[in-house]
Amino acid sequence: QVQLVESGGGLVQAGGSLRLSCAASGRTFTMGWFRQAPGKERSLVASIRSSGGGTHYADSVKGRFTISRDSAKNTIYLQMNSLKPEDTAVYLCAARFVLNGPYSSWGQGTQVTVSS
């Protein structure tokens with residue numbers, strides 16, 4: 001089973017930036033970042049195909065977040081700019097292995113806290 005290891009996250013003031021990284025131990029079809037705030041459902045923030053690099057963003061982060069990949073390292077990044085307090089959540093990296101398949105590998109999660 002492919003394992004995912006996340007890094008980054010932390011505490012930042014509103015308007016600041018953070019970068020998250022997620023390294024996969026093997027090949028994937030699509031990798032993505034989800035987030036979950038207390039009392040809210042987990043939601044997809046951004047995803048990127050491992051081949052071709054096609055991306056998808058949640059409307060709430062378009063223009064502020066950028067997902068990218070280093071295929072040689074099986075690693076994805078999430079550059080988060082213009083952070084808002086409502087971006088505060090646990091961010092989880094996930095991977096799926098077939099087109100439209102479930103995200104079946106998950107990282108441990110990293111806390112992002114944006115202070116106002």
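Model, not experiment: these values are computed from the prediction.

Procedures and definitions
- Residues numbered from 1 in each chain as written.
- Predicted model: local features only at pLDDT ≥ 70, side-chain atom pairs only at ≥ 80, totals over all residues.
- Heavy atoms only, no water.
- Helix = DSSP H or I, 4+ residues; strand = E, 2+ residues; numbered from the N terminus.
- Rg over C-alpha atoms; globule rule 2.2 N^0.38 Å.
- Buried < 20%, exposed > 50% of the residue type's maximum accessible area, 1.4 Å probe, protein only.
- Areas by Shrake-Rupley, 256 points an atom, 1.4 Å probe, with all protein chains shown as cover.
- 1 Å grid on protein atoms, 1.4 Å probe; cavity = no way out; pocket = protein on both sides within 12 Å on 5 of 7 lines; lining within 4 Å.
- Points joined across faces, edges and corners; volume = space filled by probe spheres on them.
- Nonpolar A, V, L, I, M, F, W, Y, C, P; charged D, E, K, R; others polar.
- Pairing = 2+ DSSP bridges.
- Axes fitted to C-alpha atoms, helices over the stretch in contact; angles between N-to-C directions.
- Salt bridge = Lys/Arg side-chain N within 4 Å of Asp/Glu carboxyl O.
- Core = buried A, V, L, I, M, F, W, Y, C linked by side-chain atoms within 4.5 Å.
- Contact = heavy atoms within 4.5 Å.

## Quick word on the overall build of the chain
So, step 1. In terms of regular secondary structure, the chain is built from 0 helices and 11 strands.
So, step 2. In the chain, the succession of helices and strands from N to C terminus is β-β-β-β-β-β-β-β-β-β-β.
So, step 3. Computed over the C-alpha atoms, the radius of gyration of the chain is 13 Å, within 12% of the 13 Å expected from 2.2 N^0.38 for a compact globule of 116 residues.
So, step 4. Its C-alpha atoms put the chain at 40 × 25 × 25 Å along the principal axes.
So, step 5. Per-residue burial for the chain yields a buried fraction of 45% across its 116 residues.
So, step 6. Carbon and sulfur atoms provide 48% of the accessible area of the chain, an area that totals close to 6100 Å².

## Here we look at the layout of surface pockets
So, step 1. Counted as a void, the largest pocket has a volume near 250 Å³.
So, step 2. Surrounding the largest pocket, 15 residues form its lining, Thr 28, Ser 50, Ser 51, Ser 71 and Asn 74 being those nearest its centre.
So, step 3. Counting residues per element, the ones that place at least two in the lining of the largest pocket are β5 (43-49), β7 (65-70) and β8 (75-80).
So, step 4. Within the lining of the largest pocket, the residues separate by chemical class into 4 nonpolar, 7 polar and 4 charged.

## A look at the side chain of Thr 110
So, step 1. One can find Thr 110 in strand β11 (residues 110-115).
So, step 2. Using a relative accessible area of 12% as the deciding quantity, one classes Thr 110 as buried.

## Description of the sheet that holds β7
So, step 1. Ordered in space as β1-β3-β8-β7, the 4 strands form an open sheet in which the pairing is antiparallel. Each having just a single partner strand, β1 (4-7) and β7 make up the two edges of the open sheet. Within this sheet the neighbouring strands show an average axis-to-axis angle of 15°, counted without direction.
So, step 2. As judged from the 6 bridges shared by strand β3 (residues 18-24) and β8, these two strands associate in the antiparallel manner. Counterpart to Leu 18 in the pairing with β8 is Met 80.

## Description of the pattern of salt bridges
So, step 1. One pass over the structure, following the stated rule, counts 3 salt bridges.
So, step 2. Here Asp 87 makes a salt bridge to Arg 35, at a shortest N to O gap of 2.9 Å. Of the two residues, Asp 87 sits in the loop between β8 and β9 (89-96) while Arg 35 sits in strand β4 (residues 30-36), which places them 52 residues apart along the sequence. Here Asp 87 and Arg 35 have matching classes, each one buried.

## Structural notes on the nonpolar core
So, step 1. In this structure, Trp 33, Leu 78, Met 80 and Tyr 91 are the most contacted members of the largest nonpolar core, which totals 28 residues.
So, step 2. Every element with two or more residues in this core is listed here: β3, β4, β5, β7, β8, β9 and β11.
So, step 3. Leave out the neighbours within four places in its chain, and Met 80 touches Gly 16, Ser 17, Leu 18, Leu 20, Arg 64, Phe 65, Tyr 91 and Val 112.

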